[in-house]
Amino acid sequence: MLGRAADNLFWMAKNMERIENVVRLLQTGRTSNMLSDNGSAGDNIWEMPLDICGQKDAFLADYGEVSDGRVCAYMLSDMNNPSSVRSLLSNVRENARATRHFLTSDLWDCINRTWLSIKDLSYKDIQRRSIDDHLEWMIDRCYMFKGVLSGSMRRGESLQFAILGQCIERADNSARLLRLHSANAEKNKTKQGNLQVRDYYRSMVLLNALNAYKAYRETFHSSIDLDKIAELIILHKEVPRSLRACVDEIADILRVLNPTASVMSEVYDLQYRLDTIQIAQLRRVGLGHFLLDFSKQMDEISMNIQTDFMMVQ
Amino acid sequence: MRIQIRHETHFVLEKAARRALQYLRLTPRNDSNQRVGNWTITGPEQLTRWIDGFGNIVYFAAENTDHDDLKIIVEGEVETKETNGVLPLDDGLPPGMFVRPTALTKSSKELDKFADQFASSLQKEGELSFLHTVMNELAQEVEYASGESTVTCSAAEVFDHKKGVCQDFAHLFIAICHHHNVPSRYVSGYITGGAGEPASHAWAESYVQGLGWVSFDPANLQCATESYVRLAIGYDYATAAPIVGVRTGGQGEKMSVTVQVLSQSQS
Amino acid sequence: MLENFFDEMHEQNGEVREPYNTYAGWLHSTELEELVRCHEQADLIFRRVGITFNVYGADGGVERLIPFDIVPRIISAKEWDIIERGVIQRVKALNAFLHDVYHDQAILKSGLIPPDLVLTNEAFRPEMLGLNIPHNVYSHISGIDIVRVDSETFYVLEDNARTPSGVSYMLENRQAMMRLFPDLFAKHRVAPVSHYPELLLQTLASVAPRGNSMPTIVLMTPGQYNSAYFEHAFLAQEMGIELVEGQDLFVDEGYVYMRTTRGPQRVDVIYRRIDDDFLDPLAFRPDSALGVPGLLSAYRMGNVAICNAIGGGIADDKAIYTYMPDIIKFYLSQEPILKNVPTYNLRRKDDLAYALENMEQLVVKEVHGSGGYGMLVGPASTKKQVAEFRAKVKADPSNFIAQPTLCLSTCPTFVDSGIAPRHVDLRPFVLSGRETRVVPGGLTRVAMEKGSLVVNSSQGGGTKDTWILES
């Protein structure tokens with residue numbers, strides 16, 4: 001298939017995945033808002049979405065202060081924010097439009113309808129209808145996208161490039177969230193007070209944002225702790241949002257696409273690192289350091305996929 | 001006359017380009033007025049020869065790797081005939097197609113007004129005399145000066161400034177002829193003898209009933225002699241240009257050109 | 001005013017015309033609410049599949065839905081026979097003319113057409129001179145715009161030999177109609193059109209260089225912001241070929257390749273939906289980022305087919321149009337089956353004087369204009385507009401032609417007030433490769449405004465499904 005088409009499909013799915021991640025984070029924030037504890041916790045949960053997408057400075061310049069409403073408005077419907085759901089979805093649709101003829105009509109229809117439903121929706125409109133309903137609806141649409149993608153597309157290159165984009169974004173998001181979380185935990189360690197409880201809620205935020213709370217309970221049958229969360233998110237391949245699961249899937253797809261592509265060696269490297277790593281050891285070298293490294297490697301892989309397969313000039 | 005030419009075009013870039021693609025009209029046409037021997041083009045990574053609609057020999061040149069330096073060298077021998085500017089050619093191109101103005105040979109009110117004065121010459125003395133008159137008067141009206149115009153200047157613009165180089169003179173000449181419906185076209189080539197240095201050059205050809213195409217070089221006030229070598233013809237500079245190119249990336253291009261006549265002898 | 005026009009469904013005396021017999025009965029017995037419901041459902045179908053049309057300069061988003069009308073335009077087998085033979089004849093003549101113009105120019109030498117009309121025409125492309133292309137076919141896909149003025153007379157309004165668009169509407173309209181009105185299709189023998197992409201693919205394959213029997217064919221689009229992008233994507237998908245932009249292609253040693261996920265792949269045939277000027281920045285507009293540098297070299301070397309060929313515009317030039325009957329006779333030694341609209345050639349003094357005098361009654365068109373732009377419909381224009389146009393014509397008469405305002409036929413159309421007659425035209429699509437063929441049907445365009453004669457989609461026109469009844 002055309003390199004440019006592959007590139008568009010890759011970005012279409014990558015951006016759709018990012019939407020889901022943003023929405024989950026907002027949902028998590030809304031939930032913890034309801035807990036009285038959190039308000040005094042010090043680390044503002046509403047900064048997370050801004051930190052994750054690297055838009056904090058831009059946000060502060062436009063909105064002044066961080067508050068739940070402002071962040072939701074900024075992350076949902078602000079077209080000046082390239083990481084807002086609306087901006088991202090507009091890109092998804094543009095990507096899809098550019099490769100319309102590679103998509104099943106069901107998939108195009110799914111994307112197009114989602115876009116048509118929100119393209120004129122201001123934050124006020126969303127508030128009027130209920131923000132929580134809107135977030136839930138968005139998650140539904142993301143699931144529908146994934147379902148239609150894997151349920152209707154021919155098992156060919158188009159689908160594989162889309163899933164590649166999805167996995168890369170997912171791995172990147174998990175790594176970023178975990179990194180942010182561990183940094184926050186580090187920062188708060190020295191403070192006195194109701195640390196245990198707040199730590200618990202912070203961890204809940206992370207697990208919920210990664211849709212991994214249930215998986216944690218099922219895997220460890222023990223109380224919540226950061227090392228175990230890190231182990232789950234980094235190493236447990238049965239958790240769909242774990243780094244290990246994402247990297248394995250990336251490797252599987254690339255092997256099918258072209259086993260001799262130059263990017264393969266980097267992917268194998270990464271797999272090897274994840275194979276041999278131990279969480280206790282990670283604690284010593286610094287979890288943050290490792291995760292930062294991981295994100296950089298994902299960026300490299302992503303770029304090499306573009307030169308190997310998409311003939312990006 | 002047997003002329004041996006070496007023509008080097010050298011592009012230097014401040015910031016390297018990833019890719020450069022060009023059409024090179026740098027191969028003399030083989031016809032009854034000039035015979036071409038041992039002509040070579042070298043420099044670009046890849047060269048593909050084809051013939052354009054005007055019958056010019058063109059090379060598609062591609063440089064596909066990063067580069068900040070690109071040389072195009074043409075070298076070879078041409079044997080020319082002295083025909084007093086007359087080219088009894090049948091190149092299959094209907095003369096009638098050469099009265100169409102292009103963006104570069106477009107006239108203006110002022111230029112039209114200037115052209116009007118030659119109407120009586122055309123009517124009374126005929127085409128040949130008219131063409132000589134146009135050539136002479138043009139040289140009076142417009143000053144030869146380099147650096148005053150670019151290759152994208154139209155005849156009308158050059159006439160406004162009254163300053164230009166050989167291709168501007170050719171465009172002006174063509175525009176005036178078109179105004180009087182005399183088929184005229186652009187020639188790019190080399191001038192190898194005479195007073196000045198050998199150089200890339202441009203002049204015009206007009207179609208005279210009964211004679212065929214006759215060359216006029218308004219920049220030098222003469223019809224082409226045997227020291228002229230024809231490379232390409234077209235409507236204007238844009239369609240006959242020796243080099244047109246596009247580039248991906250790269251910045252700060254500087255170009256230098258040297259034309260050498262290695263030997264010249266009567267045969 | 002409308003009652004003076006020929007109506008596709010009703011005779012002057014109100015009787016139903018034969019092709020509409022069954023349909024009229026159905027329409028009569030169907031409640032208005034039911035039609036409203038179908039109309040709304042149609043709208044939904046089109047919005048869902050994303051059939052949109054980009055409008056240049058329109059505010060508030062670039063996409064718009066072309067109004068689709070649920071009342072079909074029905075044509076009898078006998079009527080279609082005339083149209084079919086007529087357009088095939090016309091396209092054969094157009095192609096013969098194009099081949100001649102870029103080779104021996106016999107028609108110019110014969111004096112039948114003033115040589116300067118061709119040679120100094122901007123649509124005449126010297127790049128094509130002396131180039132031989134497979135089957136001597138230049139216009140592989142031609143759209144011939146036909147209007148009807150009475151039960152007997154069809155006029156060709158315009159030939160489109162460059163990149164005619166609209167065929168996707170012919171196909172999608174049919175699909176929508178079959179979903180909306182399955183019963184009606186059971187009651188009629190409507191000739192199918194859905195094999196058009198297959199015919200198009202065969203046509204494109206038949207002109208591959210050196211008779212390559214397994215050519216790689218691509219559809220080249222200017223990109224997703226082009227007004228007809230939907231159609232480009234649709235056709236590429238229907239034919240199973242790649243939809244490429246200039247940036248996806250490159251030229252290497254005289255051959256064209258596309259950049260794929262498995263490396264460069266050779267391309268043999270380019271169905272381009274991009275104008276000549278943008279094909280190759282080294283040969284045409286140097287500022288064009290849409291094209292492929294070097295494409296002309298590969299084309300002239302005979303290593304790639306470009307459909308439609310470069311330089312076809314000289315055949316659909318409105319100034320050449322007036323000579324079409326002569327062109328048909330000259331190349332085919334046949335009488336034209338379809339008539340030209342009587343046309344005033346404003347290069348001629350008498351015609352010009354007449355046109356300037358009677359501009360209020362005439363349709364005046366720019367020779368190179370298209371899409372309903374650069375034209376004046378005298379009777380529908382204000383005095384000021386007429387005066388302005390008169391001045392434009394006076395300044396450059398040879399740039400215009402004039403035609404009497406035609407009594408375009410009307411067809412019942414679903415509008416706000418119910419079913420009412422609206423003016424229509426018809427564009428059948430003729431495919432030329434090894435053979436010249438046309439699918440039974442075409443794009444019926446309808447002026448949705450009461451009394452309007454402008455059917456162009458860029459000017460608010462809508463479309464209808466076109467039914468050719470099998471005998």
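Residues numbered from 1 in each chain as written. Chains lettered and ligands numbered in written order. Predicted model: local features only at pLDDT ≥ 70, side-chain atom pairs only at ≥ 80, totals over all residues. Heavy atoms only, no water.

Peer 1: Is there a simple way to think about the overall build of chain A in this case?
Peer 2: Secondary structure summary: chain A contains 17 helices and 0 strands in total. Its C-alpha atoms give chain A a radius of gyration of 20 Å, near enough to 20 Å, the size a compact globule of 313 residues would have. Here the C-alpha coordinates of chain A stretch approximately 60 × 50 × 35 Å along the principal axes. Looking at chain A residue by residue over its 313 residues, the buried ones come to 57%. Taking the contacts inside chain A whose residues are at least 6 apart along the sequence as the reference set, 66% of them involve residues at least 24 apart. (Helix = DSSP H or I, 4+ residues; strand = E, 2+ residues; numbered from the N terminus. Rg over C-alpha atoms; globule rule 2.2 N^0.38 Å. Buried < 20%, exposed > 50% of the residue type's maximum accessible area, 1.4 Å probe, protein only. Contact = heavy atoms within 4.5 Å.)

Peer 1: Sorry, what's going on with the overall build of chain B here?
Peer 2: Helix and strand counts for chain B come out as 6 helices and 13 strands. Taking 267 residues into account, the globule formula puts the C-alpha radius of gyration at 18 Å, and chain B, at 19 Å, falls close to it. The buried share of chain B, reckoned over its 267 residues, is 55%. Partitioning the contacts of chain B with sequence separation of at least 6, the portion at a separation of at least 24 is 75%.

Peer 1: Is there a simple way to explain the packing of aromatic side chains in this structure?
Peer 2: We describe a pair of aromatic rings using the distance from one ring centre to the other and the angle between the two ring planes. Under the defined criterion, the tally for this structure stands at 33 aromatic pairs over all chains. Ring geometry for Y216(A) versus F220(A): centroids 4.9 Å apart, planes at 50°, classification tilted. With Y216(A) and F220(A) both in helix 12 (residues 213–220), this residue pair falls 4 residues apart, about one helical turn. Judged by its relative accessible area of 0%, Y216(A) falls in the buried class. Judged by its relative accessible area of 15%, F220(A) is buried. Members of the aromatic cluster, each reached through a chain of ring pairs, are F54(B), F98(B), Y207(B), W213(B) and Y235(B). Taking NZ or CZ as reference, R185(B) lies 5.3 Å from the ring centre of F98(B), over its face. The positively charged end of R185(B) is found above the aromatic ring belonging to W213(B), 3.8 Å away from the centroid. (Phe/Tyr/Trp six-rings, centres within 6.5 Å; stacked < 30°, edge-to-face > 60°. Lys NZ or Arg CZ within 6 Å of the ring centre and 35° of its normal.)

Peer 1: Before we go on, may I ask you to explain the environment of V36(B) in this structure?
Peer 2: Along the chain, the position of V36(B) falls in strand 2 (residues 34–42). When sequence neighbours within four positions are dropped, the list of residues in contact with V36(B) reads P28(B), R29(B), N30(B), E77(B) and V78(B).

Peer 1: Looking at this structure, I do not really get the interface of chain C and chain B. What am I missing?
Peer 2: Where the parts come together, the accessible area they lose is often given as the size of the interface. The interface of chain C with chain B comprises 26 residues on the first partner and 24 residues on the second. When chain C packs against chain B, close to 1900 Å² is buried across both sides, 65% of that on carbon and sulfur atoms. The largest per-residue losses of area from chain C upon contact with chain B belong to L119(C), P126(C) and L282(C), which jointly make up 29% of the total buried on that side. One can count 9 residue pairs in polar contact (both at pLDDT 80 or more) joining chain C with chain B. Listed by contribution, the elements that provide at least two residues to the side of chain C that touches chain B are strand 8 (249–252) and helix 10 (295–300) of chain C. Sort the elements by how many residues they give to the side of chain C that touches chain B and helix 10 of chain C lands first, with 4 residues. Residues belonging to the side of chain C that touches chain B are distributed by class as follows: 13 nonpolar, 6 polar and 7 charged. (Buried area = accessible area lost by both parts, 1.4 Å probe. Polar contact = N/O pair within 3.5 Å; in protein donor to acceptor, adjacent residues only side chain to side chain. Nonpolar A, V, L, I, M, F, W, Y, C, P; charged D, E, K, R; others polar.)

Peer 1: What is the right way to read the domain arrangement of chain B from this model?
Peer 2: Residue and element names in this part refer to chain B. Here the domain parsing of chain B yields domain 1 (2–81 + 242–265) and domain 2 (86–240). Buried surface at the junction of domain 1 and domain 2, both sides included, amounts to about 2100 Å², of which 59% is carbon and sulfur. At the junction of domain 1 with domain 2, the criterion picks out 1 salt bridge. The salt bridge involving R230 is made with D31; its shortest N-O contact spans 2.9 Å. Of all the secondary structure elements, the ones that give two or more residues to the side of domain 1 that touches domain 2 are strand 1 (2–27), strand 2, strand 5 (67–80) and strand 13 (243–265). In terms of residue count, strand 1 provides more of the side of domain 1 that touches domain 2 than any other element does, 6 residues in total. (Domains from an automatic or database assignment. Salt bridge = Lys/Arg side-chain N within 4 Å of Asp/Glu carboxyl O.)

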